[in-house]
Amino acid sequence: MILGLVSNCWHQQLAEGISLEKLISRAAESGYRAIELRQTCLGRFEDPQTFLPRTKALADLPQAFPELRFELALAFPFLNPFGDASLDRLFETGVAASQALSGRFHPHLRLVDLDTSAERLTAVPLPDLAAHLARLTRRLIQTGGWLSLEHARQPWGGFLALVLEARQLLGEDAPGLRICYDPANLLMASDTPEPTEVVRGLAPETLSMLHLKQFRDQEFQQLVGPGEIDWRRQISVLKSSGYTGPALFEIASHARIWEHLDQSRIYLEGLGASFNRQ
């Protein structure tokens, strides 16, 4: 798997005034090859009031770090097809920013819906929602890119059925729509899925990335270690399925974040994980 991290790991460092460029540089020196730039944790590369990404500025990053693959992550209610003009602007800004970040890789936009409730999700017919996701995906495909969707708090079963329905509508363009798989988020789902059973049901070609974090004592942890997600089983299943894509740490920000990242990587390697750091 390709070693990576999400920029909200650096929330504390960014708040202290350390530049995103310095943090990325240290990550690159440490062997990280995939960086997910999460809205609200972009430093000077986003507007401090609206948190809209600054597309022109973001274009500097793949020039400075051509060996890294960047993708942009936005909070966006993709499960609600009845948006407004401000959401259209956010999405189009995300598309443009993903293009600016792509460098020698494909543009990649990741969305997570933190707003749409389970009740709202079931109120809209699945074919209508699937058609909405297919339209969003085709906008990324026009740029040569991918759209990734991350499950948050909604029922996992409904989320997966929706993504698979949208991929079916896309036909030969189905590879343009993929899942950001975060097993720890499954613990928030209202239908209480069993994470090991979930990962066994995921085809590797439907996955764009894996988020690495742990949940214990009713909160997300500062390290990936023992907890409610059985990472030994997760890694075993993913290796058996042939998944070799990005695996990104999304641990809680802390003053000792680099030490925590190292400890988390070593822990997962002890469970059988293999990270590509070249």
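Before reading further, recall that the structure is shown in the block above.
Just so you know, these numbers come straight off a predicted model, no measurement behind them. (Residues numbered from 1 in each chain as written. Predicted model: local features only at pLDDT ≥ 70, side-chain atom pairs only at ≥ 80, totals over all residues. Heavy atoms only, no water.)

Draft legend 1. The arrangement of the state of the cysteines in detail. Scanning the model with the defined rule gives 0 disulfides in all. With no disulfide of its own, cysteine 41 lies closest to cysteine 9 among cysteine sulfurs, the gap being 9.0 Å. Here cysteine 41 falls in the buried class, since its relative accessible area comes to 2%. (Disulfide = S-S within 2.5 Å. Buried < 20%, exposed > 50% of the residue type's maximum accessible area, 1.4 Å probe, protein only.)

Draft legend 2. Fine view of the side chain of histidine 260. Position of histidine 260 among the secondary structure elements: in helix H11 (residues 257-270). According to the relative accessible area criterion, histidine 260 is buried, its value standing at 5%. At a separation of 3.4 Å, a polar atom in the side chain of histidine 260 contacts the main-chain carbonyl oxygen of glutamine 222. Excluding residues within four positions of it along the chain, histidine 260 makes contact with Gln222, Leu223, Ile251 and His254. (Helix = DSSP H or I, 4+ residues; strand = E, 2+ residues; numbered from the N terminus. Polar contact = N/O pair within 3.5 Å; in protein donor to acceptor, adjacent residues only side chain to side chain. Contact = heavy atoms within 4.5 Å.)

Draft legend 3. Representation of the packing of helix H5 (residues 85-101) against helix H7 (residues 126-141). Put simply, H5 and H7 touch, their axes get as near as 10 Å, and they point 35 degrees apart. Handedness of the H5/H7 crossing: right-handed. Residues Phe91, Glu92 and Val95 of H5 form the contact with H7, whose participating residues are Leu136, Arg139 and Leu140. Its residues assigned to classes, the contact of H5 with H7 shows 4 nonpolar, no polar and 2 charged. (Axes fitted to C-alpha atoms, helices over the stretch in contact; angles between N-to-C directions. Left-handed = near helix turned anticlockwise from the far one by under 90°. Nonpolar A, V, L, I, M, F, W, Y, C, P; charged D, E, K, R; others polar.)

Draft legend 4. Region of interest: the pairing of strand E2 (residues 34-38). Counting buried positions over the 5 residues of E2 gives 5, a clear majority of the element. Neither face of E2 is left uncovered, since the one carrying Ala34, Glu36 and Arg38 and the one carrying Ile35 and Leu37 both have all their residues buried. Pairing analysis gives 5 bridges linking E2 to strand E3 (residues 69-75), with the strands arranged parallel. Within E3, the residue paired with glutamate 36 across the bridge is glutamate 71. (Pairing = 2+ DSSP bridges.)

Draft legend 5. Inspection of the packing of aromatic side chains at higher detail. Applying the stated rule across the entire model yields 6 aromatic pairs. On the basis of an interplanar angle of 35 degrees and a centroid distance of 5.5 Å, the ring pair of tryptophan 156 and phenylalanine 159 is categorised as tilted. In this pair, tryptophan 156 and phenylalanine 159 are both assigned in helix H8 (residues 156-170), 3 residues apart and thus about one turn of the helix distant. Each residue in the set Phe78, Trp156 and Phe159 is aromatic and connected to the rest through ring pairs, giving one cluster. Against the face of tryptophan 146 rests arginine 178, its NZ or CZ located 3.5 Å from the ring centre. Over the ring of phenylalanine 220 we find lysine 213; its NZ or CZ atom is 5.1 Å from the centre of that ring. (Phe/Tyr/Trp six-rings, centres within 6.5 Å; stacked < 30°, edge-to-face > 60°. Lys NZ or Arg CZ within 6 Å of the ring centre and 35° of its normal.)

Draft legend 6. Layout of the environment of tryptophan 10. Within the element layout of this structure, tryptophan 10 appears in the loop between strand E1 (2-6) and helix H1 (11-15). Sequence-wise, tryptophan 10 and aspartate 84 are 74 residues apart; in three dimensions their C-alpha atoms are separated by 31 Å.

Draft legend 7. Spatial organisation of the environment of glutamate 228. Of note, glutamate 228 is situated in the loop between strand E9 (219-220) and helix H10 (231-241). Each C-alpha atom of the pair glutamate 228 and proline 183 lies 9.9 Å from the other, and the pair is 45 residues apart in sequence. In contact with glutamate 228, other than residues within four places in its own chain, are Leu187, Gln214, Phe215, Arg216 and Asp217.

Draft legend 8. Expanded view of the pattern of salt bridges. In the structure shown here, the tally under the stated rule is 12 salt bridges. One salt bridge in this structure joins aspartate 182 and lysine 213, with 2.3 Å as the shortest N-O distance. Taken together, the residues aspartate 182 in the loop between strand E6 (177-181) and helix H9 (195-200) and lysine 213 in the loop between strand E7 (207-212) and strand E8 (215-216) connect sequence positions 31 residues apart. Each of the two residues, aspartate 182 as well as lysine 213, counts as buried. Ionic contacts of the salt-bridge type, sharing partners, join the residues Glu36, Arg110 and Glu150 into one network. (Salt bridge = Lys/Arg side-chain N within 4 Å of Asp/Glu carboxyl O.)

Draft legend 9. Structural view of H8. The end-to-end C-alpha separation of H8 is 21 Å, in line with the 21 Å expected for 15 residues at 1.5 Å each. Those residues of H8 not exposed but buried are Trp156, Phe159, Leu160, Leu162, Val163, Ala166, Arg167 and Leu170. Here the buried residues of H8 occupy an arc of 160 degrees about the axis, which is enough to place them on one side. If you follow the buried residues of H8, they end up packed against helix H6 (118-123), H7, strand E5 (146-150), E6 and H9. (Expected span 1.5 Å × (residues − 1). Arc of directions from axis to C-beta.)

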